[in-house]
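Notes for the structure review
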Amino acid sequence: MADTPAGHGLLAGKVGVISGALDPNSIAWALAEAAHREGARFVLTNAPVASRFGQLDELAEKTGGSPIVYADATNDDDLDALFAEAKEHLGGPLDFVVHSIGMGLNVRKGKPYEGLKYEWYLKTLDISAVSLHRMVRAALDGDAMKDGGSVLAMSFIGAQRIFSEYSEMGDAKALLESIVRSLGYRLGRRGIRINAVSQSPTRTTAGGGIGGFDTLFDFAEKVAPLGNADAASCADYCVTLLSDYARMVTMQTLYHDGGFSAMGISDALVEQMGGTVGEDS
Ligand SMILES: NC(=O)c1ccc[n+]([C@@H]2O[C@H](COP(=O)([O-])OP(=O)(O)OC[C@H]3O[C@@H](n4cnc5c(N)ncnc54)[C@H](O)[C@@H]3O)[C@@H](O)[C@H]2O)c1
């Protein structure tokens, strides 16, 4: 937030793992900056391939020299090593874990939903949803999670409703949100909470991979009373969920979308479609 560059100390003393920051457009990039501002220390992680494409070193420097541990979120050995190293770097178990990972292989390669290549589909589900289960499993098995901790995953309203070009990713997000509930029940025994944040369309590498993204972005912008939520505002919301102020919130899909999810049609859209607003029909 522009008027509070020093933050509020919401995450003072907290340590965690933040996945999915690829470049400055990434939602996780903004989240890492916000978590740093609020006093957290964390390990940054991404797929090994991101060490070639990404700019994680720059983010590590900007967030006070955060250690980077590359791990493929679909590889259990990588994840076991990630949480072992994170514990070492941060001096003990974690207060939070952020899952901000997604990729649709059929979507990227232009395969329509009716003609999914199943090998890619399963990979999409693994990268975008099952990896959340894998991460939590690795954190628990490695005794890397503190009681009372918080786990966060990023979702999209395509989990509930059809956005024609979102295709297989709608299935992946539906599974992701279901895993949030299934794990939430089990993690509750230790006071650990887990939630999904359902975010507005956001201009990122993953977002740009969705066909018709610009149209979807403009549509949501015209429908949401507050307009689309950007990555920085998403990050601000996410740090509250990682903080103790949200300690009784778990198993939820929380909409961070400027009100889009509660809307049907808006005046702006009526006008764009040639209709007239504010007159008796
Ligand atoms: N951009 C949007 O419009 C939007 C909207 C709602 C939700 N989301 C979700 O937000 C999350 C972050 O995406 P983003 O929009 O910031 O895009 P992004 O491309 O910046 O982030 C996606 C990340 O996933 C990582 N990743 C892919 N495969 C991986 C693997 N096997 N192991 C580890 N990491 C892997 C990528 O390297 C990348 O850093 C995703 O879950 C995405 O679905 C995005």
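Here the structure is shown first, and the text comes after it.
Just so you know, these numbers come straight off a predicted model, no measurement behind them. (Residues numbered from 1 in each chain as written. Predicted model: local features only at pLDDT ≥ 70, side-chain atom pairs only at ≥ 80, totals over all residues.)

**Details of the packing of helix 1 (residues 27-37) against helix 10 (residues 231-242)**
- Between helix 1 and helix 10, the least distance of the axes is 8 Å, while the angle of their chain directions is 55 degrees. Considered as vectors, helix 1 and helix 10 are oriented oblique to each other. Crossing geometry of helix 1 relative to helix 10 is assigned as right-handed. Of the residues in helix 10, those in contact with Ile-27, Ala-30, Leu-31, Glu-33, Ala-34 and Ala-35 of helix 1 are Ala-231, Ala-232, Cys-234, Ala-235, Asp-236, Cys-238, Val-239 and Leu-242. (Axes fitted to C-alpha atoms, helices over the stretch in contact; angles between N-to-C directions. Helix = DSSP H or I, 4+ residues; strand = E, 2+ residues; numbered from the N terminus. Parallel < 35°, antiparallel > 145°, perpendicular 65-115°, else oblique. Left-handed = near helix turned anticlockwise from the far one by under 90°. Contact = placed C-beta atoms within 7 Å.)

**Some thoughts on the site of the ligand**
- Within the structure, the ligand sits among 27 residues, and Ser-26, Gly-102, Thr-204, Ala-206 and Gly-207 are positioned closest to it.
- Elements with a minimum of two residues in the shell around the ligand: helix 1, strand 4 (145-155) and helix 8 (205-208).
- The element that contributes the greatest number of residues to the shell around the ligand is helix 8, accounting for three residues.
- Of the residues contributing to the shell around the ligand, the split by class is 13 nonpolar, 13 polar and one charged. (Near = placed C-beta within 6 Å. Nonpolar A, V, L, I, M, F, W, Y, C, P; charged D, E, K, R; others polar.)

**Points about the sheet that holds strand 4**
- Ordered in space as 2-1-3-4-5-6, the six strands form an open sheet in which the pairing is parallel. One side of each edge strand has no neighbouring strand; the edge strands of this open sheet are strand 2 (41-45) and strand 6 (253-256). Strand-to-strand, the axes of this sheet are offset by a mean angle of 20 degrees, without reference to chain direction.
- Pairing of strand 3 (residues 94-99) with strand 4, which is carried by five bridges, proceeds in the parallel orientation. Bridge assignment links Phe-96 to a residue of strand 4, and that residue is Ser-150.
- Here helix 6 (residues 118-141) sits on the sheet in contact with strand 3 and strand 4, set at roughly 160 degrees to strand 3. (Pairing = 2+ DSSP bridges.)

**Points about the pairing of strand 4**
- Burial runs high along strand 4: eight of the 11 residues are buried.
- Here strand 4 runs beside strand 5 (residues 193-199); their pairing, made up of six bridges, is parallel. From the neighbouring strand, Ser-150 faces strand 5, where its bridge partner is Arg-193. (Buried ≥ 20, exposed ≤ 12 C-beta atoms within 10 Å, placed from the backbone.)

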